[in-house]
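Residue strings, one per chain:
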Amino acid sequence: MSSVDEIPQPHPTNTNTNPSQPRDSHSPNHDVSSQPINSPTPPDSRAPISLHDATTLPTESNPYITPAPVSDPAPAKNTLDSVKDVLGRWGKKAAEATKRAEDLAGNMWQHLKTGPSFADAAVGRNFRASLDTVLHSAYIGLGGSRVDDNGSISKVSSSESCNSDDEEDECVSIDALATAISHVILKPQFRALSTKFSGTQQAMASFDSFSYLTQREAVEVDESLMGPLGFSVDQLMELAGLSVATSIAEVYKPSDYSRVLTICGPGNNGGDGLVAARHLHHFGYKPLVCYPKRTQKPLYAGLVTQLEALSIPFMSVEDLPSDLSDDFDVVVDAMFGFSFHGSPRPPFDDLVNRLVSLHNQISQKRSVIISIDIPSGWHVEEGDVDGTGIKPDLLVSLTAPKLCAKKFIGPHHFLGGRFVPPAIAEKYNLILPPYPGTSMCVRIGKPPQVDISAMRENYISPEFLEEQAEADPINQFHKWFGDALAVGLKEPNAMALSTVGKDGKPSSRMVLLKGVDKNDFVWYTNYESQKARELSENPHASLLFHWDGLNRQVRVEGYVQKVSDEESEQYFHSRPRGSQIGAIVSKQSTVVPGRHVLHQKYKELEQKYADGSLIPKPKNWGGYRLTPHAFEFWQGQKSRLHDRLRYSPCEINEQKVWKVERLAP
Ligand SMILES: NC(=O)C1=CN([C@@H]2O[C@H](COP(=O)(O)OP(=O)(O)OC[C@H]3O[C@@H](n4cnc5c(N)ncnc54)[C@H](O)[C@@H]3O)[C@@H](O)[C@H]2O)[C@@H](O)CC1
Ligand SMILES: [K+]
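On a predicted model such as this, the values are computed, not experimentally measured, just so you know.

Reading the values: the criteria
Residues numbered from 1 in each chain as written. Chains lettered and ligands numbered in written order. Predicted model: local features only at pLDDT ≥ 70, side-chain atom pairs only at ≥ 80, totals over all residues. Heavy atoms only, no water. Phe/Tyr/Trp six-rings, centres within 6.5 Å; stacked < 30°, edge-to-face > 60°. Lys NZ or Arg CZ within 6 Å of the ring centre and 35° of its normal. Near = heavy atom within 4 Å. Polar contact = N/O pair within 3.5 Å; in protein donor to acceptor, adjacent residues only side chain to side chain. Areas by Shrake-Rupley, 256 points an atom, 1.4 Å probe, with all protein chains shown as cover. Domains from an automatic or database assignment. Pairing = 2+ DSSP bridges. Helix = DSSP H or I, 4+ residues; strand = E, 2+ residues; numbered from the N terminus. Axes fitted to C-alpha atoms, helices over the stretch in contact; angles between N-to-C directions. Contact = heavy atoms within 4.5 Å. Parallel < 35°, antiparallel > 145°, perpendicular 65-115°, else oblique. Left-handed = near helix turned anticlockwise from the far one by under 90°. Nonpolar A, V, L, I, M, F, W, Y, C, P; charged D, E, K, R; others polar. Buried < 20%, exposed > 50% of the residue type's maximum accessible area, 1.4 Å probe, protein only. Donors = N, O, S within 2.8 Å, 3.2 Å for Na, K, Ca; no water. Tetrahedral: all angles 85-135°; square planar, octahedral: opposite > 155°, others 65-115°. Lys, Arg positive; Asp, Glu negative; His and termini not counted. Salt bridge = Lys/Arg side-chain N within 4 Å of Asp/Glu carboxyl O. UniProt positions renumbered as here; feature names shortened; annotations may be inferred.

**Details of the packing of aromatic side chains**
Point 1. Applying the stated rule across the entire model yields 23 aromatic pairs.
Point 2. Three or more aromatic residues link up through ring pairs in this structure, and these residues are F464, F477, W480, F481, F521, F545, W547, F631, F633, Y647 and W658.
Point 3. The ring centre of Y527 lies 4.2 Å from the NZ or CZ of K562, which sits over that ring.

Here you go:
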């Protein structure tokens, strides 16, 4: 146990184990040239560290993180191997997940892969030449359609999706249908995605063009899904509502935007709102629902019962506060979707006006508006025709954006509805962006322009108290690293390495930790790189781990030496052969005339070693180990009152121990 003023239980530190190491020399100008950087680490009896999967984080502390089951701790071996094993296993899982994500994305895109660009490929399918065939299959695919005697297709509304009291039967001719379908197929296609997405690079879809659906196309897609493709409206609504809730959670954290009013209309758009409210509740928000025109169908009654069972309050229009911003951080507009016609009738006219006036408010903090699929009251194709409609801050388009979304100028546009089967995508040439990882939503369009100075997160973390801190900072690192692994953070072993050469100018870059060997932090690099040069001039360096999803960072400062040649040799040959060749190709930090030079050299070496023979480790490639003399564990807290616990070495009864002190945030 340790507290601010207490010295912790004696615990042997690893500082100053090298007699040549000047422990207290922090000055970059300190003359270190006499200390050989490659002096071997003296053997000692320190226990080896394996990055076993300890977790310290209460799962309920972060609503966005679902803790993953963690594999058994690696047995402690007295070598770097135990660490490598853990990192290797973790890396394999990450690679498998990435592969699955790529496969999924690949399915969507495979039909466009044949052309030099997606646009060319789409046109190259020679759709026009086989229009009749496509029309036929499109017609067959339109569940609930029928052809009358004079050749017109008349669409029968799907029983659940159309619950309108003023539903009209719509009749379209073959020509109109042809125009509609060719409009979808021949519209400008996505071009920018010519490179393969992988892993979380999929997180932001960077298109220079979108597919937009007309009102009619939206209805057709809906009917195809619920007709021949076997979906039920309940399923689609559940997925749509979940997409909406996850989109909201991506932008508006419950810590700042907990009070959510969901205004639900009489149709499926309203149903999406009911589902979203339920998920938001489970995500940690406090939803309240206004549902003035209830539909008596079992689906909707069930959704209401589910909300009531969670004690989610319902409020009539009359009981809503005159200024919604007083009571709500977020207003979800789930009044009308793609079946809206004309002007909103009571009571929705009043509700739409309230949302319009919200946006005109100049108050310090007004409620943000989230529109599901269509900003209610907007023309489904023309958008906000006279500019007096709702101006949502976040629009969540479902399945594919409708034409009106072109007029959306708000900061956040997401696509939800990760359920479109390839048959629909192909039939309508619906080009959809890949969704990142396991996410139900993807941001489309440009990320908002942000004022960097205004970017701040109000962190919610459990408090990190002195009595929870391990006596040995290596064990504390080990615990937090385990947490980072457990919640699935990407590359938790990535660290910023800062070095300072003899000119006194610092430089930083990200490198990957390859292990905590005994008490040293080990990484590998090119011994002729800038960092290596600077380390040869000044062997003091700083490491910084930033584990964003956990609101944590760890600073490690210490003295750096090269690892033994045997260790470098062993690690080099454990790397994939491509990485081994890459290490030979790259004269790190030197100027190259172009990428082609690297490719050429790589190809030559690939051929040279194609027989599987041993790729020799370049002499200028190897590892470093940093022996820490200071640690700081930082955890973000509400109102900037962050936790900062610093470990520094001291001596008690001639025994080296670590002193833990709290620093002001
Ligand atoms: N595959 C899809 O495309 C999916 C669609 N879903 C949702 O379903 C929505 C479409 O649902 P619906 O077809 O039920 O239609 P809407 O929810 O768009 O609205 C139709 C209802 O609004 C009423 N209405 C229409 N115009 C009105 C006016 N001027 N004043 C007052 N009331 C008016 C109608 O009488 C009807 O009750 C989509 O926008 C989307 O939110 C999701 O639930 C699931 C997936
Ligand atoms: K809406």
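Read on for the rest.
**Some thoughts on the site of ligand 1**
Point 1. As a matter of local geometry, ligand 1 sits amid 28 residues, with D272, G337, S339, H341 and D373 nearest to it.
Point 2. Contact distances for ligand 1 include 2.9 Å between an oxygen atom and a backbone N or O atom of N268.
Point 3. Here a nitrogen atom of ligand 1 sits 2.7 Å away from a polar atom, N or O, in the main chain of H341.
Point 4. Calculation on ligand 1 without its partners gives an accessible area of 880 Å², and the protein chains cover 96% of this total.
Point 5. Here the shell around ligand 1 spans two domains, since at least three of its residues come from each of domain 1 (42-197) and domain 2 (215-445).

**Here we look at the sheet that holds strand β4 (residues 259-264)**
By way of backbone hydrogen bonds, the strands of a sheet pair with one another, either parallel or antiparallel.
Point 1. The seven strands lie next to each other as β5-β4-β6-β7-β8-β9-β10, forming an open sheet whose pairing is mixed. At either margin of the open sheet sits one strand with a lone partner, and together these are β5 (286-290) and β10 (441-443). Between one strand and the next, the sheet's axes are offset by a mean angle of 20°, whatever the strand orientation.
Point 2. Examined bridge by bridge, strand β7 (residues 368-372) and strand β8 (residues 394-398) share three bridges and lie parallel to one another. Paired with I370 across the two strands is L394, which belongs to β8.
Point 3. Taken strand by strand, helix α6 (residues 233-251) contacts β6 (330-334), β7, β8, β9 (412-416) and β10, and its axis lies near 150° from that of β8.

**A short note on the packing of α6 against helix α8 (residues 298-309)**
Point 1. Contact pair α6 / α8: the axes reach a minimum separation of 11 Å and the direction vectors enclose 40°. In terms of their interaxial angle, α6 and α8 are classed as oblique. Considering the relative orientation of α6 and α8, their crossing is right-handed. Taking contact as the criterion, the partners of V233, D234 and M237 in α6 are, on α8, L299, Y300 and L303.
Point 2. Of the residues belonging to the contact of α6 with α8, the class tally is five nonpolar, no polar and one charged.

**Quick notes on the packing of α6 against helix α7 (residues 268-282)**
Point 1. Contact geometry of α6 with α7 gives a least axis separation of 7 Å together with a crossing angle of 55°. Between α6 and α7, the angle is such that the two are oblique. Remark: the crossing between α6 and α7 carries right-handed chirality. Residues V233, M237, E238, A240, G241, L242, V244, A245 and I248 of α6 form the contact with α7, whose participating residues are N268, G271, D272, V275, A276, R278, H279 and L280.
Point 2. Classifying every residue of the contact of α6 with α7 by side-chain character gives ten nonpolar, four polar and three charged.

**Side note on unusual backbone geometry**
Point 1. Backbone torsion omega between P346 and P347 reads 0°, so that peptide bond is classified as cis.
Point 2. Along the chain, P347 falls in the loop between β6 and α10 (348-360).
Point 3. Backbone geometry places D373, a non-glycine residue, at a positive phi of 70°.
Point 4. Secondary-structure assignment places D373 in the loop between β7 and β8.
Point 5. Here D373 falls in the buried class, since its relative accessible area comes to 4%.

**Remarks on the pairing of strand β19 (residues 655-662)**
Point 1. As defined by bridge partners, strand β18 (residues 643-652) adjoins β19 across eight bridges and the pair is classed as antiparallel. Directly across from E651, in β19, lies its bridge partner K656.
Point 2. Remark: two residues form the turn of the hairpin made by β18 and β19, two consecutive strands paired antiparallel; N653 in that turn has positive phi of roughly 50°.

**Some remarks on the coordination of the potassium ion (ligand 2)**
Point 1. Bound to the potassium ion (ligand 2) are the protein donor atoms N269 (OD1), D333 (O), F336 (O), I372 (O), I374 (O) and S376 (OG), situated 2.6 to 3.0 Å from the metal.
Point 2. Given six donor atoms and angles of 72 to 164° at the metal, the environment of the potassium ion (ligand 2) is assigned as irregular.
Point 3. Donor residues for the potassium ion (ligand 2), ordered by position in the chain, follow N-x63-D-x2-F-x35-I-x1-I-x1-S. Of the two residues, F336 sits in the loop between β6 and α10 while I372 sits in strand β7, which places them 36 residues apart along the sequence.

**So, the side chain of D272**
Point 1. As for its placement among the helices and strands, D272 is situated in helix α7.
Point 2. K402 provides the closest opposite charge to the buried, salt-bridge-free D272, at an N-O distance of 8.8 Å.
Point 3. When sequence neighbours within four positions are dropped, the list of residues in contact with D272 reads M237, A240, G241, I372 and L398.

**Notes on helix α15 (residues 577-585)**
Point 1. Q580, I581, A583, I584 and V585 are the residues of α15 that are buried.
Point 2. Those residues of α15 that are buried lie in contact with α14 (565-574), α16 (595-608) and β17 (621-635).

**Concerning the UniProt feature "binding site: K(+)" (unreviewed entry) in the chain**
Point 1. Residues annotated by UniProt as "binding site: K(+)" (unreviewed entry) correspond here to N269, D333 and S376. Their sequence span is 108 residues, while the largest C-alpha to C-alpha distance among them is just 9.7 Å; these annotated residues converge on one region.
Point 2. A relative accessible area of 7% places N269 in the buried class.
Point 3. In contact with N269, not counting residues within four places along its chain, are D333, A334, M335, F336, G337, I372 and D373.
Point 4. Considering the arrangement of structural elements, one finds D333 in strand β6.

**A look at the environment of A276**
Point 1. On the secondary structure map, A276 appears in helix α7.
Point 2. Here the alpha-carbon distance between A276 and I372, two residues 96 residues apart in the chain, equals 9.8 Å.
Point 3. If we skip the residues at most four places from it in the chain, A276 touches G241, V244 and A245.

**A short note on the pairing of β8**
Point 1. Summarising burial for β8: five of the five residues are buried, a large majority.
Point 2. Side chains L394, V396 and L398 of β8 all project onto a buried face; the interleaved residues L395 and S397 project onto the opposite face, where all are buried too.
Point 3. The sheet contact formed by β8 and β9 spans five bridges and is parallel. Looking across to β9, one finds that L398 is bridged to G416.

**A few points about the pattern of salt bridges**
Point 1. Applying the stated criterion to the full structure yields 21 salt bridges.
Point 2. As a salt-bridge pair, E632 and R644 come within 2.6 Å of each other at their nearest N and O atoms. Taken together, the positions of E632 in strand β17 and R644 in strand β18 put the pair twelve residues apart, joining distant regions of the chain. Of the two residues examined, E632 and R644, each falls in the buried class.

**Digging into the environment of P292**
Point 1. Mapped onto the fold, P292 is located in the loop between β5 and α8.
Point 2. For P292, a relative accessible area of 31% corresponds to the partly exposed category.
Point 3. Among all residues touching P292, those that are not within four sequence positions of it are C264, V317, P347, F348 and L351.

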